[in-house]
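# Residue-level structure breakdown
The lines below spell out each chain.
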Amino acid sequence: MKNETIAAEIYKCVAPSSNIVSIANCMTRLRLQLLVKEDNLEEKLKKIDGVLGVHDTDEELQIILGPGKAAAVTEIFKKLAVQDSKMQIGNAEAVHEKIRAKNATPIKLLFKRIASVFIPLIPGFIACGLLTGVLAACAKIEPSMANAAWWKLLATAGNAVFFGMNLFVGYNASKVFGGTPIIGGLLGAFLAHPGLSSVVIYDTPLVPGRGGVIAVLLAAVFAVYVEKRLHKIVPEMFDLFVTPFLTVLVTVCAATFVLQPVGGFISETIGSATLAAIDQGKAATGFILGLIWLPLVMFGVHQSFTPIHVDLLTRYGVTVLLPILAMAGAGQVGASAAVYFKTKNKLLKKTVLSALPVGIMGVGEPLIYGVTFPLGKPFIAACIGGAFGGAVQANFAVGARAMGISGLLLTPTTDNALMYLAGVLTAYVTGFAAAWIIGFDDPPENDDN
């Protein structure tokens, strides 16, 4: 189906617009909050050609569409909702607050907000990570290429996401937490400014960039708090001039003496703990992470790891977590392949065949919701495959220069492509073997699920 048709079919299932509390999307899902859900809503949505799966929580309805398509369909869906002219924003917001108060804990909401700061950065990491990986491969094939002007130009472009990281995080954090985005970006630039190295306080020179994105996040959130307080006490006629001035002045002082040192401690702790867990635990650590990752993805809480990936990338240039976690998807590919060869159900074979290519490329939701999870035992087999693949990645400490991608697409961004592929193959084989041995209840031919 075309995106317009998919959006229209989904809208028919959840309409009218007065029933829709909020519309949002992530990389692969259209996320809706509804006032009322029909008993057979999930079944209706799953029958729409183009919908890869549906995950319903108390807080929101997640309709899995795949990367790229999720954003496109969401934009069209929003236009349909606006055109409906029946949306009651006031009532919807009131219900939204009730839903949040009932189902969301403060910690859960905080992690959701923090993830919202970093998720928009993912396309930049993908582009720069792939570019850097391709250039590295070219340099290995022909080392003299690294001296060419075009190679240096593209290498600079591949590093650009790190050069602007503090600005992006500061801007997004202020926006997400309700402040003035440009002030957050300004503070991000300040914390990374080379001029800080010439400032000596108590016989100690300041360190530009200390604390990385964690320090920027703390400074931006603190600035939002200061800005909101000032809006309440500064007379309206002076607000435009006084509030931003005082916000920056107060936050710069707080960041220099408190927030940047605290951010540095947190960032160093995260990095050291992650590296220590993998260095000391090696295969055992990778096994555990690979084993539990698919359930985390299924429940949509995997995005809380995004800030950790960003911090590791900023501090070390690679994230050693992503290759491990990516093995969960590879294990699922192996388990689904076993289902394909074992099942007698033609519809199930067709589902596996259509979902496997995107699964191999790293998009796992179609296989989760279309194959392994509905069948039960293959989902367990996929987790087992992910565990063994994760053990290989952790044992060799494979790192990736990007985030937001997985599967074979992650290969050129890794610092050890050969061992990464060895881990992928391990996950494929063990996921396949586990699914073959554990087995599953083959659905009858007339079962549409």
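Quick look at the structure, then. Each chain has its residues counted from 1, running along the sequence as written. For a predicted model such as this one, the threshold for reporting local features is a pLDDT of at least 70, and the threshold for listing and counting side-chain atom pairs is 80 or more; totals across whole chains, interfaces and linings nevertheless cover every residue. Excluding hydrogens and water, the side-chain values take into account all heavy atoms of the structure.

The next thing to look at is the nonpolar core. Of all hydrophobic cores here, the largest spans 44 residues; its most connected members are Phe 118, Phe 125, Met 165 and Val 169. Only DSSP runs of H or I with at least four residues qualify as helices, and only runs of E with at least two residues qualify as strands; both kinds are numbered from the N terminus onward. Residue assignment for this core shows that the elements contributing at least two residues are α5 (106-118), α6 (122-141), α9 (165-176), α11 (212-233), α12 (236-281), α14 (306-316), α15 (321-342) and α19 (417-438). A total of eight residues in this core trace back to one element, the largest contributor, which is α11. Contacts of Phe 125, omitting those with residues within four sequence positions, involve Val 161, Phe 162, Met 165, Val 310, Leu 313, Arg 401, Ala 402 and Met 403. We call a set of buried residues a nonpolar core when its members are Ala, Val, Leu, Ile, Met, Phe, Trp, Tyr or Cys and they connect through side-chain atoms within 4.5 Å of each other. We call a residue buried when its accessible area falls under 20% of the maximum for its residue type, exposed when it is over 50%, and partly exposed in between, using a 1.4 Å probe and counting protein chains only. Any pair of residues with heavy atoms lying within 4.5 Å of one another is described as a contacting pair.

Next up on the list: the pattern of salt bridges. Just to be clear on terms, a salt bridge is a Lys or Arg side-chain nitrogen sitting within 4 Å of an Asp or Glu carboxyl oxygen. As enumerated under the stated definition, the model contains six salt bridges in all. Residue Lys 37 is joined to Asp 56 by a salt bridge in which the shortest nitrogen-to-oxygen separation is 2.6 Å. Of this pair, Lys 37 sits in the loop between β2 (29-34) and α2 (41-46) while Asp 56 sits in strand β3 (residues 53-56), and the two are 19 residues apart along the sequence. Residue classification places Asp 56 among the partly exposed positions, given a relative accessible area of 32%. As a salt-bridge pair, Lys 44 and Glu 38 come within 2.8 Å of each other at their nearest N and O atoms. Owing to a relative accessible area of 41%, Glu 38 belongs among the partly exposed residues under this scheme.

Moving on, we come to helix α10 (residues 181-191). Residues of α10 that are buried: Ile 183, Gly 184, Gly 185, Leu 187, Gly 188 and Leu 191. Taken together, the buried residues of α10 touch α9, α11 and α12.

Distance thresholds for patches are 9 Å for like charges and 5 Å for nonpolar side chains (Val, Leu, Ile, Met, Phe, Trp, Tyr), applied to residues having over 30% relative accessible area and no salt bridge. All accessible areas in this document rest on Shrake-Rupley with a 1.4 Å probe, and a residue is counted as covered only by the protein chains that are shown. Under this rule, positive means Lys or Arg and negative means Asp or Glu; His and the chain ends count for nothing. Every charge is mapped to an atom, namely NZ of Lys, CZ of Arg, CG of Asp or CD of Glu. There is a patch of like positive charges on the surface, built from Arg 113, Lys 228, Arg 229 and Lys 232. In terms of residue count, α11 provides more of the positive patch than any other element does, three residues in total. The residue Lys 232 is located in helix α11 in this model. For Lys 232, a relative accessible area of 67% puts it in the exposed group.

On to the packing of helix α18 (residues 377-395) against α19, then. Helix axes are fitted to C-alpha atoms over the stretch in contact, other axes to C-alpha atoms as well, and angles between N-to-C directions run from 0 to 180 degrees. The N-to-C vectors of α18 and α19 enclose an angle of 150°; their axes lie 7 Å apart at closest approach. Judged on the interaxial angle alone, α19 and α18 are roughly antiparallel. For α18 against α19, the interelement crossing comes out right-handed. Where α18 abuts α19, its residues Lys 377, Ile 380, Ala 381, Ile 384, Gly 385, Phe 388, Gly 389, Val 392 and Gln 393 lie against Met 419, Tyr 420, Ala 422, Gly 423, Val 424, Thr 426, Ala 427, Thr 430, Gly 431, Ala 434, Ala 435 and Ile 438. Between 65 and 115 degrees an angle is taken as roughly perpendicular, under 35 as roughly parallel, over 145 as roughly antiparallel, and anywhere else as oblique. The crossing is said to be left-handed when, going from far helix to near helix, the turn is anticlockwise and less than a right angle, and right-handed when the turn is clockwise.

Pairs of packed helices are described in terms of their axes, by the angle between the two and the distance that separates them. Between α10 and α11, the shortest axis-to-axis distance is 9 Å and the interhelical angle comes to 140°. Classified by the angle their axes make, α10 and α11 are oblique. Handedness of the crossing formed by α10 with α11: right-handed. Packed against α10, whose contacting residues are Ile 183, Gly 184, Leu 187, Gly 188 and Leu 191, the element α11 presents Ala 215, Val 216, Ala 219, Ala 220, Ala 223 and Glu 227 at the interface. Residue polarity follows a fixed list, in which Ala, Val, Leu, Ile, Met, Phe, Trp, Tyr, Cys and Pro are nonpolar, Asp, Glu, Lys and Arg are charged, and the others, Gly among them, are polar. Grouping the amino acids of the contact of α10 with α11 by side-chain chemistry returns eight nonpolar, two polar and one charged.

Here we come to α15. In a helix, the anticipated span is given by 1.5 Å times the number of residues less one. Helix length check: α15 (22 residues) gives 33 Å between terminal C-alpha atoms against 32 Å at 1.5 Å per residue, within 8%. Most of α15 sits inside the fold, with 18 of its 22 residues counted as buried.

Next up on the list: a nonpolar patch on the surface. A cluster of nonpolar side chains, contributed by Tyr 202, Phe 257, Val 258, Val 262, Phe 265 and Ile 266, occupies part of the molecular surface with about 660 Å² of accessible area. Mapped onto the secondary structure, Ile 266 falls in helix α12.

A few words on the packing of aromatic side chains. Paired rings are identified among Phe, Tyr and Trp, the last through its six-membered ring, by centres lying within 6.5 Å, and are further divided according to the angle between planes into stacked (under 30 degrees), edge-to-face (over 60) and tilted (the rest). Per the counting criterion, the structure on display carries eight aromatic pairs. On the numbers, 5.8 Å between centres and 75° between planes, the contact of Phe 125 with Phe 162 is edge-to-face. One end of the pair, Phe 125, is in helix α6; the other, Phe 162, is in helix α8 (residues 160-163), with 37 residues separating them in the sequence. On the basis of relative accessible area, Phe 162 is assigned to the partly exposed category, the value being 24%. On the basis of an interplanar angle of 10° and a centroid distance of 5.7 Å, the ring pair of Phe 432 and Trp 436 is categorised as stacked. With Phe 432 and Trp 436 both in helix α19, this residue pair falls four residues apart, about one helical turn. On the basis of relative accessible area, Phe 432 is assigned to the partly exposed category, the value being 27%. Among the residues examined, Trp 436 registers a relative accessible area of 39% and is labelled partly exposed.

Of the two faces of strand β4 (residues 61-64), the one lined by Leu 61 and Ile 63 and the one lined by Gln 62 and Ile 64 are each fully buried. Note on pairing: two strands pair once DSSP finds at least 2 bridges between them. Looking at chain direction, β3 and β4 are connected through four bridges and run antiparallel. Counted as the bridge partner of Gly 53 is Ile 64 from β4. Between the end of β3 and the start of β4, which pair antiparallel, lie four residues.

Here Asp 239 shows up in helix α12. Discounting chain neighbours no more than four positions away, the residues touching Asp 239 are Leu 230, His 231, Val 234 and Pro 244.

Okay, unusual backbone geometry next. A cis amide bond links Ala 15 to the next residue, Pro 16, at an omega of 5°. Note that Pro 16 resides in the loop between α1 (3-14) and β1 (20-25). Located in the positive-phi region is Asp 203, a residue other than glycine, with phi close to 65°. Secondary-structure assignment places Asp 203 in the loop between β5 (200-201) and β6 (204-205). Given a relative accessible area of 76%, Asp 203 falls into the exposed group. Although it is not a glycine, Ala 397 adopts a positive phi angle of roughly 50°. Of note, Ala 397 is situated in the loop between α18 and α19.

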